[in-house]
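Close look at the chain arrangement
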Amino acid sequence: MKINAVLIAALLALSSAAAPAAENPSLLQKAHQAYVAAQALEAALNDKPAANRTRVEYVKVITAYQRVYLITPHTGYADDSLLTIARLYEEIKDSADAIKTLKFMIREYPSTPFKDAAEKDIARLNGVILQKTTPVDNIRYWEAPNSVRVVVDVGGDIAFHQGEAKDPDRVFIDIVNARLNSMLIGKQWPVKSGLLEQIRVGQYDASTVRVVLDVGTIDRVTSFTLSEPDRLIIDVLGKEEAATQPAPAPATAPVIASVIPQPAPAAAAGPPPEPAKRAAKTTAAAAAKKTPENKASETRPPDPDAKVIVAAKATNAGTRSLVRSLGLKLSRVVIDAGHGGHDTGTIGPGGYTEKELVLDVASRLKELIENELGAEVVMTRNGDTFVPLETRTAIANQQQADLFISIHANSSRVRSVHGVETYFLNFTSSREALETASRENAASERSIHELQDLVKKIMLRDKVDESRELAQHIERALAARKGSGIDRGTKQAPFVVLIGANMPSILAEVCFISNPQDEKVVKTPESRQAIAQSLFEGVRSYAESLSGTKTAKTQDTKSN
């Protein structure tokens, strides 16, 4: 290998002399051609079984890559070539020349993106036992009206710790057993919002990368990890607007059990809000029944607009989650039409795309929920646009949704497969048992997010339980639809789009668009309406399992 040592020495001598050549377009073109030729030689070598490759053939490929640098060292091909040369030396068990090449590359190209990998390879080739570290490769962020999401791109599984510091206020996240990409050293990202002033990152110690958020007026910061690709998600959340406090009942008002919320005070002009009118009517009706002169009214037919207080049912597992125990309701639902924009999702045999199907079904479901349940609906997308997975749950959290429903169409390599299935996200978690009487909270008009100030957050175990419950209601409704195919059941899986949601969330696979017959059927508006109707029936069934007030009209419709 003396000839190779001589070539390396030549590279060292040429590193400064060849600098002016970088300005010569013809030399740049020659370097490009040489690099392509070297790649072709390497590909031909790799086509042979490893046992049949000779040392002479390896040296030929190494010399071809060295020629790239010798033409002109000031191109983007130079450090790529040197890294490949080092790898080829290692393949023929020439660790000494591999180390020399890597050291040369680090010295001549201190800003190369291969620096971290090269230093690690040098240590490994020298027999140093290294602690496994995960690279931190990039940081990005985007803002929402009352939140900022920061995404830290990493190169594998990580563990992290979150902490706070004062004067000035800041939150830091330490990523352990990690190393910072050299391109990020000293970088800062000014955000200049009321929630987040700037983002900083640095190598805190030999094995810890620290991300620092200089925060403003915030409620809290939450952090969690996602995979495929691996990343750390940091949500900076603003303070919620204070809910209007209900006025105390007048001294002369009849004593009513706490399951009846007291009406909020009316505005200076105009009628009270609709929830207050409902509570007032229920309170008045209850008081009337207790007076002797109205005793006969007990035998009269029920007022069709009268409210019936219904305690929350236990879940299918026989338990009562915190959501049910506190008598929480649905007031806002976020519907997520999967995919969109350049992300078509599955494309059926006839060319019908998943993104088209699920957007149409989502729009129909939105109309049903708004008209039939009176709940507000927010769509993660209303047109053919791409929305990142992290943004979808961020929208749901920022909108303080009570449910998150992601709609998709399934796919299989076996085209005859068909049916429906519904997923929920499951975690390993625990919480202290909270026993509270569900009947006392049965008539609460509060929605899930309205009680954040009281409860701070719905415990993780409760969200898992309620997500499972929601998935079971929707799966039963989907499977009951005529022509839905096989009931493939309720399942749990780590779908990225469900991770990080602060509310019960599910992902529904409404058909197999890879099945030619299913694709043909769902192309019809009638079929898409039927799918939306079945999803709605599942949502309504779940909503009615929560504590709530039902009109007599709803009960009559259900019984017919």
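None of the values given here were measured: they were computed from a predicted structure. (Residues numbered from 1 in each chain as written. Predicted model: local features only at pLDDT ≥ 70, side-chain atom pairs only at ≥ 80, totals over all residues. Heavy atoms only, no water.)

Overview of the overall build of the protein
Threshold: Labels follow the DSSP assignment, with helices taken as runs of H or I lasting at least four residues and strands as runs of E lasting at least two, numbered in each case from the N terminus. For each residue, the accessible area found with a 1.4 Å probe, counting protein chains only, is set against the maximum for its type, and the residue is called buried under 20%, exposed over 50%, and partly exposed in between. Throughout, a contact is declared for two residues whenever any of their heavy atoms are within 4.5 Å. We get accessible surface area from the Shrake-Rupley algorithm with a probe of 1.4 Å; when it comes to residues, only the shown protein chains can shield them.
When you go through the protein residue by residue, the secondary structure sums to 15 helices and 18 strands. Here the protein, with 560 residues, has 45% of them falling under the buried criterion. Of all intrachain contacts in the protein linking residues separated by at least 6 positions in sequence, the fraction that spans at least 24 positions is 72%. Total accessible area on the protein stands at roughly 28,100 Å², and carbon and sulfur atoms take up 54% of it.

Section: the pattern of salt bridges
Rules: Whenever Lys or Arg places a side-chain nitrogen within 4 Å of a carboxyl oxygen from Asp or Glu, that contact is recorded as a salt bridge.
Counted under the stated rule, the structure contains 22 salt bridges. For glutamate 57, the salt bridge is made with lysine 48, and the minimal N-O distance between the two is 2.3 Å. Given the relative accessible area of 24%, glutamate 57 is considered partly exposed. A relative accessible area of 34% places lysine 48 in the partly exposed class. The shortest N-O distance in the salt bridge between arginine 124 and glutamate 90 comes to 2.7 Å. Highlighted residues: arginine 124 in helix α6 (residues 115-125) and glutamate 90 in helix α4 (residues 76-91), separated in sequence by 34 residues. Salt bridges sharing common partners tie together Glu42, Arg87 and Glu91.

Focus on the sheet that holds strand β5 (residues 178-180)
Put simply, the rule reads: Strands were regarded as paired on the criterion that DSSP finds at least two bridges between them. What counts as an axis is a line fitted to C-alpha atoms, over the stretch in contact for a helix, and the angles between N-to-C directions run from 0 to 180 degrees.
Reading across from one edge, β5-β1-β2-β10-β9 is the order of the 5 strands in this open sheet, with mixed pairing throughout. Strand pairing shows two members of the sheet lacking a second neighbour, β5 and β9 (220-226), which therefore form its edges. When strand polarity is set aside, the average angle formed by the axes of neighbouring strands in this sheet is 30°. Inspection of the sheet shows β9 paired to strand β10 (residues 231-237) by 7 bridges, in the antiparallel sense. Opposite leucine 226, over in β10, you have arginine 231 as the bridge partner. Packed on one face of the sheet, helix α10 (residues 389-398) meets β1 (134-144), β2 (147-154), β9 and β10 and runs near 155° to β2.

Quick look at unusual backbone geometry
Cis rather than trans, the peptide bond between aspartate 167 and proline 168 has omega equal to 0°. Examined against the element boundaries, proline 168 turns out to sit in the loop between β3 (159-165) and β4 (170-176). Located in the positive-phi region is aspartate 167, a residue other than glycine, with phi close to 50°. Following the sequence through the fold, aspartate 167 ends up in the loop between β3 and β4. Backbone geometry at asparagine 177 places phi at a positive 50°, although glycine is not the residue there.

A few points about the environment of tyrosine 352
Positionally, tyrosine 352 belongs in the loop between β12 (332-337) and α9 (354-373). On a C-alpha basis, the gap between tyrosine 352 and glutamate 519 in space is 7.1 Å, while along the polypeptide they are 167 residues apart. Contacts of tyrosine 352, omitting those with residues within four sequence positions, involve Thr346, Ile347, Leu357, Ile513, Glu519, Val522, Lys523 and Arg528.

So, the environment of tyrosine 109
Applicable threshold: Two N or O atoms form a polar contact when they lie within 3.5 Å of each other; inside protein one atom must be a possible hydrogen donor and the other a possible acceptor, and for residues adjacent in sequence the pair counts only when both atoms belong to side chains.
Here tyrosine 109 shows up in the loop between α5 (95-108) and α6. Ignoring anything within four residues of it in the chain, the contact list for tyrosine 109 reads Tyr69, Pro73, His74, Ala78, Asp79 and Leu82. Polar side-chain contacts of tyrosine 109 include one of 2.2 Å to the backbone oxygen of proline 73.

Some words on the packing of aromatic side chains
Filter applied, for reference: Stacked, tilted and edge-to-face pairs are distinguished by plane angle, under 30 degrees for stacked and over 60 for edge-to-face with tilted covering the rest, among Phe, Tyr and Trp rings (Trp via its six-membered ring) whose centres lie within 6.5 Å. Here, over-ring charges are defined by two tests on the NZ atom of lysine or the CZ atom of arginine: distance to the ring centre within 6 Å, and angle to the ring normal within 35 degrees.
Scanning all chains against the criterion turns up 4 aromatic pairs. Their ring planes at 85° and their centres at 6.4 Å tell us that tyrosine 69 and tyrosine 109 sit as a pair that is edge-to-face. On the criterion of sequence distance, the pair formed by tyrosine 69 in helix α3 (residues 55-71) and tyrosine 109 in the loop between α5 and α6 is long-range, its members being 40 residues apart. Here a set of aromatic residues connected by ring pairs shows up, and it is made of Tyr35, Tyr65 and Tyr77. It is arginine 210 that lies over the ring of phenylalanine 172; its NZ or CZ is 4.0 Å from the centre.

Focus: the side chain of glutamate 466
Structurally, the position occupied by glutamate 466 is in helix α12 (residues 460-480). In this structure the side chain of glutamate 466 is engaged in a polar contact, spanning 2.6 Å, whose partner is the side chain of tyrosine 542.

Focus on the nonpolar core
Which entries qualify depends on this criterion: The criterion is simple. A nonpolar core is a set of buried Ala, Val, Leu, Ile, Met, Phe, Trp, Tyr and Cys residues joined through side-chain atoms within 4.5 Å.
In terms of nonpolar packing, the biggest core is built from 39 residues, with Ile335, Ile369, Ile407, Ile474 and Leu535 touching the most fellow members. Residue assignment for this core shows that the elements contributing at least two residues are β12, α9, β13 (376-379), β14 (403-410), β15 (420-424), α12, β17 (505-512) and α14 (525-545). With residues near it in sequence (within four places) discarded, isoleucine 474 still touches Ile405, Thr422, Ile506, Ala508, Leu535, Gly538 and Val539.

Examining the confidence of the model for the protein
As a reminder of what qualifies: Confidence scores here are pLDDT values: one per residue, from the predictor, ranging 0 to 100.
With 69% of its residues at a pLDDT of 70 or more, the protein shows a mean pLDDT of 74. Counted against residues more than four places away or in other chains, residues 427-461, with its pLDDT under 50, gives 87 contacts.

Thoughts on the sheet that holds β4
If you walk across this open sheet you meet the 5 strands as β3-β4-β8-β7-β6, and the pairing is antiparallel. One side of each edge strand has no neighbouring strand; the edge strands of this open sheet are β3 and β6 (188-190). Going across the sheet, the axis of each strand differs from the next one's by a mean of 15°, ignoring polarity.

Considering α9
Where we set the bar: Given the number of residues in a helix, its expected span is that number minus one, multiplied by 1.5 Å.
In a regular helix each residue adds 1.5 Å, so 20 residues correspond to 28 Å; α9 covers 27 Å between its end C-alpha atoms and thus fits that length. All of the buried residues along α9 are Glu354, Lys355, Leu357, Val358, Leu359, Val361, Ala362, Leu365, Leu368 and Ile369. On the buried face of α9, the contacting elements are β12, β13, β14, β17, α13 (516-522) and α14. Phi turns positive, to about 70°, at glycine 374, one or two residues after α9.

Digging into the packing of helix α2 (residues 25-46) against α3
Keep this limit in mind: The scheme is simple: roughly parallel for angles under 35 degrees, roughly antiparallel for over 145, roughly perpendicular for 65 to 115, oblique for anything else. Crossings are assigned a handedness: left-handed for a near helix turned anticlockwise from the far helix by less than a right angle, right-handed for a clockwise turn. Note on residue classes: Ala, Val, Leu, Ile, Met, Phe, Trp, Tyr, Cys and Pro are nonpolar, Asp, Glu, Lys and Arg are charged, and everything else, Gly too, is polar.
Contact pair α2 / α3: the axes reach a minimum separation of 8 Å and the direction vectors enclose 165°. By the angle between their directions, the pair α2 and α3 is classed as roughly antiparallel. Crossing angle aside, the handedness with which α2 passes α3 is left-handed. Here α2 contributes Leu27, Lys30, Ala31, Ala34, Tyr35, Ala38, Gln39, Leu41, Glu42 and Leu45 to the contact with α3, which in turn contributes Glu57, Tyr58, Lys60, Val61, Ala64, Tyr65, Val68 and Ile71. Taken together, the residues of the contact of α2 with α3 break down into 13 nonpolar, 1 polar and 4 charged.

What to know about the environment of threonine 75
Here threonine 75 lies in the loop between α3 and α4. By relative accessible area, which is 13% here, threonine 75 ends up buried.

Side note on the pairing of β4
With 5 of its 7 residues buried, β4 lies for the most part within the structure. Where β3 lies against β4, 7 bridges are found, and the strand directions are antiparallel. Directly across from glycine 163, in β4, lies its bridge partner phenylalanine 172. In sequence, β3 turns back onto β4 through a hairpin of 4 residues, with aspartate 167 there showing a positive phi of about 50°.

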